[in-house]
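Here is what each chain is made of, one letter per residue.
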Amino acid sequence: MESIIKLENVRVNYGEVTALEEINLTVYENDFLGIIGPNGGGKSTLLKVLLGLIKPSKGKVRLFDTTPARARKKVGYVAQYRNFDPGFPINVWDVVLMGRLGHAGLLRGYSSEDKQAALDALKTVDMLDLKKRHISQLSGGQQQRILIARALTTKPGLLLLDEPMSNVDSVMQKEFYELLKELNKHMAIIMVSHDITAVSLYVNKVACLNKKLHYHGSRQLSAKDLETAYQCPVELIAHGVPHRIFKDHAP
Amino acid sequence: MLELLQYQFIQNALAAGLLASIACGIIGSYVVVKRMVSISGGISHASFGGIGLGYLLGINPVTGALFFSLGSAVLMGTVTRKTRLSEDTSIGILWALGMSLGVIFIGLAPGYAPDLFSYLFGNILTVPGSDIIMMLVLNGIILMVVILFFKEFSAISFDEEFSRVAGVAVFPVYLLLLCLVALTVVVLIRVVGIVLVIALITIPPATAKQFTHSLKKMMVASIILGAIYTTLGLWLSYLFDIASGATIILVSSLALFASIGWVSLVKKRRISV
């Protein structure tokens, strides 16, 4: 197994505030890693460090043996919430094509190779017949699918998902996770979520993040990990954390 | 009515209205979908500094406005993105700063400024031929840059963060787009004036946006609507001898309100059926 991400002793400060500290993380090419943690625990910040959008104040970040900014072409990213206005005059097809911006190059239109990649991505997420639809005519789950398709157009080796279920109704979630499992056969996935139950059911590794990262390269987190991360263990258990996170047949 | 077309000033006025519609149809669509209305208003007002400088130096005030609006576009884009000042604060400050400079320059200029009012509120009936040529050139530049950068402009308008991740140099592309807004302002100064520019930039695209799901169609529809509004406004202002810039804005606003009313009526009917 080859490692595709290596973080060593990473620290991120926003002015006086420390968002992340002492982050050490290794991710391998077939991992499906779920990162859970309280709000404001630095989950989105960590993804932005991996994308090179935020430069750490300390520590080393390597993706695919290079810097995060250079590795971006191999990384697919689906942001938390919609960053866009659903009333924007654009259809599914043009949104997905946007994933090819870096490949198409300046001063030119999209090539036939770009269009083929967009077609393939739409096929993968099973949205090909909706490609002429305006984005406002899609359900939350369908919008999330086209955002994944957009991230897939570069045929990435790593997919980063920030709270992908926040916009998907519960009936569609299972189907959505099945899609992610399928994608995981070809790429590593890191999914940030506060939904511990869902994460525990589908991912094969779990980490817990609250400024510091609690991770053992497996699906197991000790009660103590969660306790230090969330700082209120009793309430957590009362919310019904699945026991499989604590003790599981090791993967 | 037709004999009016023989007059050079009427021909110039019609040409100016048409050229203005092209610039604001294309760039106005980006201003509306990317929500850049306040920064565009800031750029247009700040360009008043250039009008004043034109008077002071004895050059065409519109040329002065060209440099001032480009300068304020780059400055506002940089200050709003790269400093800790919030976007609306820095826009407000630079907006007023540009206008203050204009007032000081005009005060320093010898004599008084005779047609100052027409730069503030436009006067489509007094556009000189040289300005028509300038508008033509600026339109050409705007059109060419938009064709070359269409996918980048569309991408950063839709989703800046993803564009950055996908490899677009978002900040330079954004500055370039603001510079095109600055050029559009200059194209429009003679038609509706610095103060009213922002209305003509936003009203045709805002009207068109209700009827299409495609950015390109929105641009084309905005150009057609803009041409209708300016021509109709010109005709009405001539007919009743009222200020042309303000009449054009009045006509456009009424058309926008009517279209909003019509769209909501159609939607209501669809729901009740």
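Just above sits the structure.
Anyway, here's the lowdown on the structure attached to this text. (Residues numbered from 1 in each chain as written. Chains lettered and ligands numbered in written order. Predicted model: local features only at pLDDT ≥ 70, side-chain atom pairs only at ≥ 80, totals over all residues.)

## A look at helix α5 (residues 87–108) of chain B
Residues and elements named next belong to chain B.
Next, step 1: Across its 22 residues, α5 extends 32 Å between first and last C-alpha, which sits within 8% of the 32 Å expected from 1.5 Å per residue.
Next, step 2: Listed in full, the buried residues belonging to α5 are Ser 90, Ile 91, Leu 94, Trp 95, Gly 98, Gly 102, Phe 105 and Ile 106. In an axial view of α5, the angular spread of the buried residues amounts to 140°, which keeps them on one side of the axis. Structural note: α5 exposes Val 103, Gly 107 and Leu 108 on the side pointing more than 90 degrees away from its buried face.
Next, step 3: For α5, the elements touching its buried residues are α2 (37–46), α3 (48–57), α4 (61–82) and α6 (116–121). (Helix = DSSP H or I, 4+ residues; strand = E, 2+ residues; numbered from the N terminus. Expected span 1.5 Å × (residues − 1). Buried ≥ 20, exposed ≤ 12 C-beta atoms within 10 Å, placed from the backbone. Arc of directions from axis to C-beta. Contact = placed C-beta atoms within 7 Å.)

## With respect to the environment of Gly 50 of chain B
Residue and element names in this part refer to chain B.
Next, step 1: Mapped onto the secondary structure, Gly 50 falls in helix α3.
Next, step 2: Note on Gly 50: 30 C-beta atoms within 10 Å, which makes it buried.
Next, step 3: Taking the C-alpha atoms as reference, Gly 50 lies 7.5 Å from Val 62; in sequence the two are twelve residues apart.
Next, step 4: Setting aside residues up to four positions removed in sequence, Gly 50 forms contacts with Gly 64, Ala 65, Leu 66, Phe 67, Phe 68 and Ser 69.

## Observations concerning the nonpolar core
The nonpolar side chains of soluble globular proteins are, as a tendency, buried together.
Next, step 1: In terms of nonpolar packing, the biggest core is built from 152 residues, with Val 181, Leu 188 and Leu 200 of chain B touching the most fellow members.
Next, step 2: Sequence-distant contacts of Leu 200 of chain B, defined by excluding residues within four places in its chain, comprise Ala 20, Cys 24, Leu 188, Val 192, Gly 226, Ile 248, Ile 249 and Ser 252 of chain B. (Core = buried A, V, L, I, M, F, W, Y, C linked by C-beta atoms within 7 Å.)

## Observations concerning the interface of chain A and chain B
Next, step 1: Between chain A and chain B, the residue contacts involve 20 residues of the former and 20 residues of the latter.
Next, step 2: The dominant element in the side of chain A that touches chain B, judged by the number of residues it contributes, is helix α4 (residues 101–104) of chain A, at three residues.
Next, step 3: Looking at the side of chain A that touches chain B, its residues break down into twelve nonpolar, six polar and two charged. (Nonpolar A, V, L, I, M, F, W, Y, C, P; charged D, E, K, R; others polar.)

## As for the environment of Leu 152 of chain A
Residue and element names in this part refer to chain A.
Next, step 1: Within the secondary structure, Leu 152 is located in helix α6 (residues 140–152).
Next, step 2: Spatially, the C-alpha atom of Leu 152 lies 23 Å from that of Leu 201, the residues being 49 residues apart in sequence.
Next, step 3: In this structure, Leu 152 is in contact with Gly 76, Ala 121 and Thr 124, ignoring residues within four places of it in sequence.

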